[in-house]
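# Notes for the structure review
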Amino acid sequence: MSGKAKDILQIDLYGLLGIENTATTKEIKKAYRQKALTCHPDKNPDNPKAAELFHQLSQALEVLTDAAARAAYDKICAAKKQAEERNRKLDDKRKKIKLDLETRERQAEAQSQEEVQITRTLEEEIARLREEGSRQLEEEQRLIREQIQREREAQLQQTGDYTQRSRCSKSNVTPKLKLKWKCKKEDEANGGYSQDILLRLLQKYGDVLNVIVSSKKKGSAVVEFATVRSAELAFKNEIGLSGNPLKISWLEGQPEVIAPASQPGQFVSSQGSLTNERDYESVVMMRMRQAAERQRLIEQMQREDEEDTARS
């Protein structure tokens, strides 16, 4: 058993984070952030134990947020707990006999094949995590980078460094993207995608008004965003599940970028600047048409499904 695996097995990772062993990944991350903030070495420069505790918290996050590593750790913990429970039930005489027998067995055979295999599995998972890096930390950093990028783009829009004109501002049509992924006809899991999963993937870019997964055509869906900016961010950045990536294309409302104005803060448009009154009227009209627009979208998908079925 490697030194790192031994160290981890000496720690109650769930107790360290203050959570139950049934905690979800979201609960594990939340507990890690709360604990890590209190013992971060930068906040505790005079406490040498703070760095060690911070390191243990990082190990707990890596193991418990990876399904395979967590399963290996839970299996060893369960085996230890069962052994402790059996020992507790034994009377003193039987316990002494059992301990003597186990000592002789350990001398003849260091570990049972099952224990060796379980430990090896945990070591392999830890080694894999070390090679691949912490995916959870990478995901957190990616989200931070995207947030910084959104803030920068919002600043550019406010100062007039660039101008963007959207086709959907003319027609009051909400922006929509078409999603496709690989999926066999007999796959009941629909390639790993459902309405909830798609909603979870896309909501981080902005408000999602509607997600429609085709019931007839496998591997196809349409998503409707509240703003063009949200749809554009999803179109540029979202890749979907790693094992079955998404192919994203514009269905309606694709933005059209035009040349920046000659002076900062000025915007050039083929129709000229809209007054506040007309902008307000456009928003009101857009809200009134959304219900009818969704119904039209559903009917359009049904027609496409029927055409695809007829061709096949």
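What comes next is a walk through the structure. (Residues numbered from 1 in each chain as written. Predicted model: local features only at pLDDT ≥ 70, side-chain atom pairs only at ≥ 80, totals over all residues. Heavy atoms only, no water.)

## Some thoughts on the overall build of the protein
The line we're drawing: Helix numbering and strand numbering both begin at the N terminus, where a helix is a DSSP run of H or I of at least 4 residues and a strand a DSSP run of E of at least 2. We call a residue buried when its accessible area falls under 20% of the maximum for its residue type, exposed when it is over 50%, and partly exposed in between, using a 1.4 Å probe and counting protein chains only. Pairs of residues are marked as contacts when any of their non-hydrogen atoms sit within 4.5 Å. All accessible-area figures derive from a Shrake-Rupley calculation using a 1.4 Å probe, and residue coverage is judged against the displayed protein chains alone.
Counting its secondary structure elements, the protein contains twelve helices and eight strands. Taking all 312 residues of the protein together, the buried fraction comes to 31%. Taking as baseline every contact in the protein between residues at least 6 positions apart, the subset at least 24 positions apart corresponds to 70%. When the accessible area of the protein is evaluated, it comes to approximately 20,600 Å², of which 50% is carbon and sulfur surface.

## As for helix α10 (residues 195–202)
The criterion, for reference: Taken from the helix axis, the directions to the C-beta atoms give the arc we talk about.
Of the positions making up α10, those classed as buried are L198, L201 and L202. End-on view of α10: buried residues confined to an arc of 85 degrees, all on one side of the axis. α10 presents D196 and R200 as exposed residues on the side facing more than 90 degrees away from its buried surface.

## Things to note about the nonpolar core
Rule in force here: Put simply, a nonpolar core is a bunch of buried Ala, Val, Leu, Ile, Met, Phe, Trp, Tyr and Cys residues held in one set by side-chain atoms that sit within 4.5 Å of each other.
Counting residues in each nonpolar core, the largest one holds 28 residues, and the members touching the most others are L13, L17, I19, I28, V63, L64 and Y73. Those elements that place two or more of their residues in this core are α1 (3–9), α2 (13–17), α3 (25–39), α4 (48–64), α5 (67–89) and α7 (113–132). With 19 residues, the next largest nonpolar core counts L177, L201, Y205 and V223 among its residues.

## Let's talk about the environment of K49
By the element assignment, K49 lies in helix α4. Separated by ten residues in the primary sequence, K49 and C39 have C-alpha atoms spaced 8.7 Å apart.

## What to know about the pairing of strand β3 (residues 208–213)
Our working rule: In this scheme, strands are said to pair when DSSP sees at least two bridges between them.
Direction of pairing for β3 relative to strand β4 (residues 220–225): antiparallel, over a ladder of five bridges. In the strand pairing of β4, V213 is matched with A221. Counted along the chain from β3 to the antiparallel partner β4, the turn is six residues long, and its residue G219 has a positive phi close to 75 degrees.

The quantities given are spatial measurements derived from coordinates; they are silent on function.
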